[in-house]
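Here is how the chains run, residue by residue.
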Amino acid sequence: MHRLPPFRYEAATSAASAVQLLAAHGPDALVVSGGTDLYANIKQRLFTPKVVVGLRPARDMHYLRFDQSRGLEIGALTTLARLAAEPVVCERYPALAEAAASISTPQLRTMGTIGGNVCLDTRCNYYNQNLDWRQALGYCMKKDGDICRVAPGSPKCVAVNSSDTAPVLQAYGARIRLLGRSGEREIDIADFFMDDGMRAWAKQADEIVTAIHLPVPAPNTVSAYRKLRLRNSFDFPIVGIAAVMQTDGGGRCTGARVVLNAVASKPLESPGAARALVGTKLEPDALDAAADAAYATGKPLDNTSGSIPYRKRMLRVFARRTLEACAAPR
Amino acid sequence: MREQELPSVSTATNPDGDARPLTSAVEASSVLRRAPQYPPDKPEGFSVVGKAGPKLDSFTRVTGQDRFADDIFLPNMLFGKMLRSTQAHARILRIDTSKALALPGVVAIVTGADIPVRYGILPSSPDEMVMALDTVRYVGDPIACVVADDELTAEEALALVQVEYEPLPAVMSIDEALRTDLPQLHPNPRRTNNIHKEVHLEFGDVEAGFASADRIFEDEYFFEGTTHAPIEQHAVMAQYGADQKLTLWAATQTPHYLHRIAAAVLGMPASQIRVIAPPVGGGFGGKTEPFAHELAAAFLARKTGRPVKITLTRQEVFYAHRGRHPVRFKLKTGVKADGTITAIHLQSWLDGGAYGSYGVATTYYTGALTTVTYKVPAYKFDGCRVFTNKPPCGPKRGHGTTQPRFALENQLDKIADALGLDAAEYRKRIAVDPNSTTVNGLRVTSCGLRECIDAATERTRYKEKRGKLARGRGIGLAASSYLCGAGLPIYWNAMPQSGAIVKVDRGGGVTVLSGTSECGQGSTSMLAAIIAETLGVDPSDVSVCYGDTDLTPVDLGSYSSRVTFMAGNAARDAASKARHLIAQSAAERFGVGPDRVGFAGRRVFDLGNRERSMTFIEAAQLAEARWGTIACVGSYTPPKLAAEYKGSGVGPSPAYSYSAAVAEVAVDLETGEITVEKITLAHDVGRCINATNVEGQIEGGVYMGLGEALMEEWPFRAGEHKIPNLLDYKTPTSLDTPPIEAIIVETDDKEGPFGAKEAGQGPLNPVIPAIANAVADAIRARIHSTPITPEKVLKAMDAASGTTLRLKKVTTPSKPSPVPV
Ligand SMILES: Cc1cc2nc3c(=O)[nH]c(=O)nc-3n(C[C@H](O)[C@H](O)[C@H](O)COP(=O)(O)OP(=O)(O)OC[C@H]3O[C@@H](n4cnc5c(N)ncnc54)[C@H](O)[C@@H]3O)c2cc1C
Ligand code: SF4
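Residues numbered from 1 in each chain as written. Chains lettered and ligands numbered in written order. Predicted model: local features only at pLDDT ≥ 70, side-chain atom pairs only at ≥ 80, totals over all residues. Heavy atoms only, no water.

Caption draft 1: Structural context of the overall build of chain B. The helix and strand inventory of chain B stands at 19 helices and 31 strands. A compact globule built from 821 residues should have a C-alpha radius of gyration of about 28 Å, and chain B, at 27 Å, falls within 12% of that. Taken along its principal axes, the extent of the C-alpha atoms in chain B is 85 × 75 × 50 Å. For chain B, with 821 residues in total, the buried portion stands at 65%. Counting every atom, chain B has about 27800 Å² of accessible surface; 54% of that belongs to carbon and sulfur. Charged side chains of chain B number 87 positive and 93 negative; the gap between the two group centres comes to 3 Å. (Helix = DSSP H or I, 4+ residues; strand = E, 2+ residues; numbered from the N terminus. Rg over C-alpha atoms; globule rule 2.2 N^0.38 Å. Buried < 20%, exposed > 50% of the residue type's maximum accessible area, 1.4 Å probe, protein only. Areas by Shrake-Rupley, 256 points an atom, 1.4 Å probe, with all protein chains shown as cover. Lys, Arg positive; Asp, Glu negative; His and termini not counted. Charge placed at Lys NZ, Arg CZ, Asp CG, Glu CD.)

Caption draft 2: The sheet that holds strand β24 (residues 603-606) of chain B, seen in detail. Residue and element names in this part refer to chain B. Read from one edge of the open sheet, 3 strands run β23-β24-β25, paired in antiparallel fashion. Here the strands that pair on one side only, and so sit at the sheet edges, are β23 (597-600) and β25 (609-615). Taken over all neighbouring pairs, the strand axes of this sheet differ in orientation by 30° on average, direction set aside. Across the sheet, helix α15 (residues 563-590) touches β23, β24 and β25, and the angle it forms with β23 is around 120°. Relative to the sheet, helix α16 (residues 616-627) contacts β23, β24 and β25, its axis offset from that of β25 by approximately 70°. (Pairing = 2+ DSSP bridges. Axes fitted to C-alpha atoms, helices over the stretch in contact; angles between N-to-C directions. Contact = heavy atoms within 4.5 Å.)

Caption draft 3: The arrangement of the domain arrangement of chain A in detail. Assigned domains within chain A: domain 1 (1-58), domain 2 (59-119 + 160-214) and domain 3 (221-327). Using only C-alpha atoms to locate each centre, domain 1 of chain A and domain 3 of chain A end up separated by 35 Å. (Domains from an automatic or database assignment.)

Caption draft 4: Fine view of the sheet that holds strand β4 (residues 106-111) of chain B. Residues and elements named next belong to chain B. Strand order in the open sheet formed by 7 strands is β4-β6-β2-β13-β10-β11-β12, with mixed pairing between adjacent strands. This sheet does not close on itself; its edge strands, each paired only once, are β4 and β12 (273-276). Each strand of the sheet is rotated relative to its neighbour by a mean of 20°, with strand direction disregarded. Both strand β2 (residues 78-84) and strand β13 (residues 308-311) contribute to a ladder of 2 bridges, which runs parallel. Counted as the bridge partner of Phe-79 is Lys-309 from β13. Packed on one face of the sheet, helix α6 (residues 255-266) meets β11 (246-250) and β12 and runs near 150° to β12. Running over the sheet, helix α7 (residues 292-304) touches β2, β4, β6 (142-148), β10 (235-240), β11 and β13 and is turned about 25° from β10.

Caption draft 5: Highlighting the site of ligand 1. Of all residues adjacent to ligand 1, which total 32 residues, the nearest are Val-31, Gly-34, Thr-36, Thr-113 and Asn-117 of chain A. In this structure ligand 1 sits where residues from chains A and B come together. Gly-34 of chain A places a polar main-chain atom, nitrogen or oxygen, 2.7 Å from an oxygen atom of ligand 1. For ligand 1, the accessible surface in isolation is 970 Å², of which the surrounding protein chains cover 94%. Mapped onto the shell around ligand 1, the elements with two or more residues apiece are β2 (29-32), α7 (114-118) and β8 (208-214) of chain A. Considering each element in turn, the shell around ligand 1 owes the most residues, 3 residues, to α7 of chain A. (Near = heavy atom within 4 Å. Polar contact = N/O pair within 3.5 Å; in protein donor to acceptor, adjacent residues only side chain to side chain.)

Caption draft 6: Highlighting the nonpolar core. Formed by 180 residues in total, the largest nonpolar core has its most connected members in Leu-277 of chain A together with Ile-771 and Ile-779 of chain B. In terms of residue count, helix α18 (residues 767-779) of chain B provides more of this core than any other element does, 9 residues in total. Judged by nonpolar contacts, the second largest core, of 52 residues, contains Ala-500, Val-504, Met-526 and Phe-590 of chain B. (Core = buried A, V, L, I, M, F, W, Y, C linked by side-chain atoms within 4.5 Å.)

Caption draft 7: Fine view of the interface of chain B and chain A. Taken together, the contact between chain B and chain A spans 33 residues of the former and 36 residues of the latter. Both sides of the chain B and chain A interface together cover about 3000 Å² of buried area, and 46% of this is carbon and sulfur. The interface formed by chain B and chain A holds 6 salt bridges in total. A salt bridge links Arg-321 of chain A to Glu-670 of chain B; its shortest N-O distance comes to 2.9 Å. The interface formed by chain B and chain A contains 20 residue pairs in polar contact (both at pLDDT 80 or more). Elements with a minimum of two residues in the side of chain B that touches chain A: α3 (151-160), α8 (314-320), β30 (720-721) and α19 (790-801) of chain B. (Buried area = accessible area lost by both parts, 1.4 Å probe. Salt bridge = Lys/Arg side-chain N within 4 Å of Asp/Glu carboxyl O.)

Caption draft 8: Focus on the packing of aromatic side chains. Tallied over the entire structure, the rule returns 15 aromatic pairs over all chains. Both rings, one in Tyr-93 of chain A and one in Tyr-172 of chain A, keep their centres 5.3 Å apart while their planes meet at 80°; by these two values the pair is edge-to-face. Of the two residues, Tyr-93 of chain A is situated in the loop between α4 (87-92) and α5 (94-101) and Tyr-172 of chain A in the loop between α9 (165-171) and β6 (175-180); the sequence distance between them amounts to 79 residues. Tyr-172 of chain A matches Tyr-93 of chain A in its accessibility class, with the two residues each being buried. Ring centres of Tyr-138 of chain B and Tyr-355 of chain B lie 6.4 Å apart, and the angle between their planes is 75°; this geometry places the pair in the edge-to-face category. With Tyr-138 of chain B in the loop between β5 (135-136) and β6 and Tyr-355 of chain B in the loop between β15 (341-351) and α9 (359-368), this pair connects stretches of sequence that are 217 residues apart. Of the two residues examined, Tyr-138 of chain B and Tyr-355 of chain B, each falls in the buried class. One aromatic cluster is present, built from ring pairs that chain together Phe-66, Tyr-93 and Tyr-172 of chain A. The cationic tip of Lys-312 of chain A hangs over the ring face of Tyr-295 of chain A; the distance from NZ or CZ to the ring centre is 4.4 Å. (Phe/Tyr/Trp six-rings, centres within 6.5 Å; stacked < 30°, edge-to-face > 60°. Lys NZ or Arg CZ within 6 Å of the ring centre and 35° of its normal.)

Caption draft 9: The pairing of strand β5 (residues 71-75) of chain A, seen in detail. Residues and elements named next belong to chain A. For β5, a buried count of 5 out of 5 residues is recorded, marking the element as mostly surrounded by other parts of the structure. Of the strand pairs in this sheet, strand β4 (residues 64-67) and β5 are connected by 4 bridges, and their pairing is antiparallel. Across the sheet, residue Arg-65 finds its bridge partner in β5, namely Glu-73. Following β4, the chain reverses through 3 residues before pairing antiparallel with β5. Of the strand pairs in this sheet, β5 and β8 are connected by 4 bridges, and their pairing is antiparallel. In the sheet register, Glu-73 faces β8, and the bridge partner there is His-213.

Caption draft 10: How the structure looks around the pattern of salt bridges. Residue and element names in this part refer to chain B. Under the counting rule described, the total for this entry stands at 79 salt bridges over all chains. Between Asp-96 and Arg-94 there is a salt bridge whose closest N-O contact spans 3.8 Å. Assessed through its relative accessible area of 23%, Asp-96 is described here as partly exposed. It is possible to trace a salt-bridge network through shared partners that takes in Arg-405, Glu-409, Asp-413, Asp-417, Arg-427, Arg-466 and Arg-782.

Caption draft 11: Main features of the packing of helix α14 (residues 523-535) of chain B against α15 of chain B. All names here are of chain B. Across the interface, α14 lies against α15 with an axial gap of 9 Å and an inter-helix angle of 30°. Taken as axis vectors, α14 and α15 run roughly parallel relative to one another. Both α14 and α15 take part in a crossing whose hand is right-handed. For the pair α14 and α15, contact is made by Ser-523, Met-526, Leu-527, Ile-530, Ile-531, Thr-534 and Leu-535 and by Val-563, Thr-564, Ala-567, Gly-568, Ala-571, Arg-572, Ala-575, Ser-576, Ala-578, Arg-579 and Ile-582, respectively. Partitioning the contact of α14 with α15 into residue classes produces 11 nonpolar, 5 polar and 2 charged. (Parallel < 35°, antiparallel > 145°, perpendicular 65-115°, else oblique. Left-handed = near helix turned anticlockwise from the far one by under 90°. Nonpolar A, V, L, I, M, F, W, Y, C, P; charged D, E, K, R; others polar.)

In structure tokens:
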């Protein structure tokens, strides 16, 4: 990587002041939370901001609270380390704690935030490279070039969503709160993620994520997250599966959401997998059918570590294992 | 170790293994000791050698007090950056540096035309230049060097240098390099392809050997290229003083070679150049030759009169490379029904990358040590190294012997299984004997191979487990050997390979000057221990001054596992001379003969009557009064070892270390993921000088082997290194690293210092095939290429059960055409 180039750092003292600073500096400004993604990208010259607006001093986004009626509210600046350790998260939203705990390394989880995680830039091994490396190859559509190296015929960039919390949040039916010049809004997180590697969020340039809101889980909700990576630490997911299910008292599945990770520019929901589960007692056959559906949904491309056939094959294995973890009596 | 902790002389004979607390990754350590084969060197026994304890420099390392090359800042210094090729293979038509030079803050720019001198670490392949003159041969090949007041300006200037290329077809594989219709990287009218070096050797009656075999096994293997990935990126600081002397502080394992080549490339007398090797943050073979950035910094410091620093980025470290060659093998072994080997024919094809580096030696090494582990009565070796448009390959820990060891040990298990032999007993039965000579003329002296196999297999209950564990669990064994320094220097000369000066201060301190480089391997502690043992002082009394061509006598450098054996012997030679002087004057005082004088615990005494003694300080002062300043020189020249054939210079060593590793693995049969649960490694180190250090080297070797076995890859896409960073280039994390048990085996080598051999490289070699054999045991199928990825595991299982896809077979080229003369 290159050295960090000079830029002006402006500390935001509140969410509102961050929005003001962003508006004042226009397209020259970017926000930073933990910086674990942004600074690496700046060092590779993927971004060259003149101004970086620091969100960490904004105390009004550092919180995590649970309430029996409201559910869980997570301020955008909550660190991944806290999310993974918070008892209420571990008890009520175990898949979220699992996902947070599986991200990168302890050092990075201490700095990295949930806000930064859901806004994690989409990744591609033609893109996450130094400037001179990309120059030697002739660049690509996402930065400085005009074609997609992974899928040359594709009209859009297919860089992958690699955020581990994103699929889990979607499976829990989370909502995301945004603050911009035109005010605050809260949308379904599934609508926040878009399947376009270059425009992966339904977010205006002057908007920031201020919080994430998870509903109170229905009784008998079970959830799990499993990810494939080549090493036991450090590595981004190359396949991920999040599942959240509800059962009635008799163990029959009444609702399910299965979301695939790292196989598209957004978390990819598999409605077929959900259909295969709902109404069953989560017998092995049902789990197999759901895993087959998840397998059919995901189409890995050649832009992460691991080969396409292997990642494809692992979709079924990981789907099955995630579902088994949900179905296991506890 | 403080003085009062030094054992008293009466109890100091052969101190027994340590009882250190268990640490996380290291379970325990035991030292197997064998009665010395000759009387100990010190009549009073050892008081320092054999002790466990932290490296002397570990505290300054871990507290950040060591100053690495990149930590050096000088007044008025400049920062350099190299412009590197964006083309895998191209002719340079034009370079325009004018815009870059005009950028404020830029002080100078040089290109290949400014330093048109060819050099190479081996005198036989001088094919490198500091910067490309007319042709670039890989993405990352240096083209120009900018120096500016700060790094960012230098970087900005690089973008302003305009280079016009005429692209040439790129040669990206061994197969392509053997073709005759692609351009040559280095014009060679004697050939029509890109072969760099061919070796054909035959020993014994190979034909008869195969004819007398009951079974012949033939397999093909591929060992993937890997890189060293030291934590410290290469760095250099160059200063050209008003006295017209050039000083280089370089992150190098070989200050002497940098000194020699800098003199040649810069056209300066060596007497005007001083090379200093500050503490090095890991080398593993990746810092054993002069690099373009070092020579460019030197040139620019002289040109501008200002100090110049260049520190490579991690990506540039991947480009500088000199890593492990990818090698394809064809291995044919003939055996009797009882497994006795009758003949081996080994063929290797090495992907050398763009330049020669140490590649000629590497080529020989892929064949040379085949015979040093097991008895081979007839042996044929054909080696072939090719040039490709990739970063140059070179030596990495295990230099050229790691790759064939993967093939040999893999096939040996296969032979044992086919013949129904116990794989451990079989290896022991065919193991070479101590004090023997191999068919290719290599002299084996001390050899603890059988002891290593016993130690590692007994500790793990290998025999009870192999072939009997549930599917998905496996245990694997492999053995190996390694050099204790190459017997011959890389440039022909009759001078010592190592020199040392030992100076005794009248205050009781001892200073040693040694030309070695400290890369974290522990050479400093080793030298201090050897000198402390010889003079009866504490290692903390010894100050080690290393790697400074003005101050320290030549040592060829910290590579080839030569430092303990060679620099250790040189230091011991010098210290023994000082001891002799001190003993003589003390003997006069005691009124006894000098051979009755003992040294231990910072005291000098009459061995016949220990009451009669004085402090080391008193003895040193007595000696200085008697003889004048006590400063003694020592050196080490290996005995003549090479046999009489062309190519016999690669392989001989004054001694060989031996290792055996047992790997225990669990394989997830659905995902193919491999969990290495434990590695147990027994290593014949000759004599252990410092158990902590030897264990550290074993653990490091295991760790490095683990990465090569399971995950490291060297892929290229569109002519470019696909993953030149430490996120995508996978090396194991601490969570991937299993518990490691190191077992130290001692055989007391006759020629090593206090009987010591080496531990720097040898312990890596058996790890990779041990893991491969364990995986084969777990999945009942063999994988013939590294790394053993989950995907290959699944494919191998599929192929074995005949279900779906077949594992892509490893193939080797048909034999390269003979050289047209
Ligand atoms: C070696 C390494 C391994 C990693 N492995 C993983 C992994 O396995 N899984 C994983 O999910 N991530 C991984 N990461 C990525 C990263 O560490 C995490 O995603 C982290 O959560 C990012 O949070 P941050 O606060 O550091 O983000 P930042 O770097 O501060 O920001 C990331 C992006 O989000 C934007 N942003 C930040 N906060 C907000 C906000 N409140 N509103 C709007 N935009 C915002 C920034 O402008 C930037 O574009 C890894 C990173 C590294 C360096
Ligand atoms: S997916 Fe295509 S456009 Fe997107 S970053 Fe990768 S190569 Fe570039």
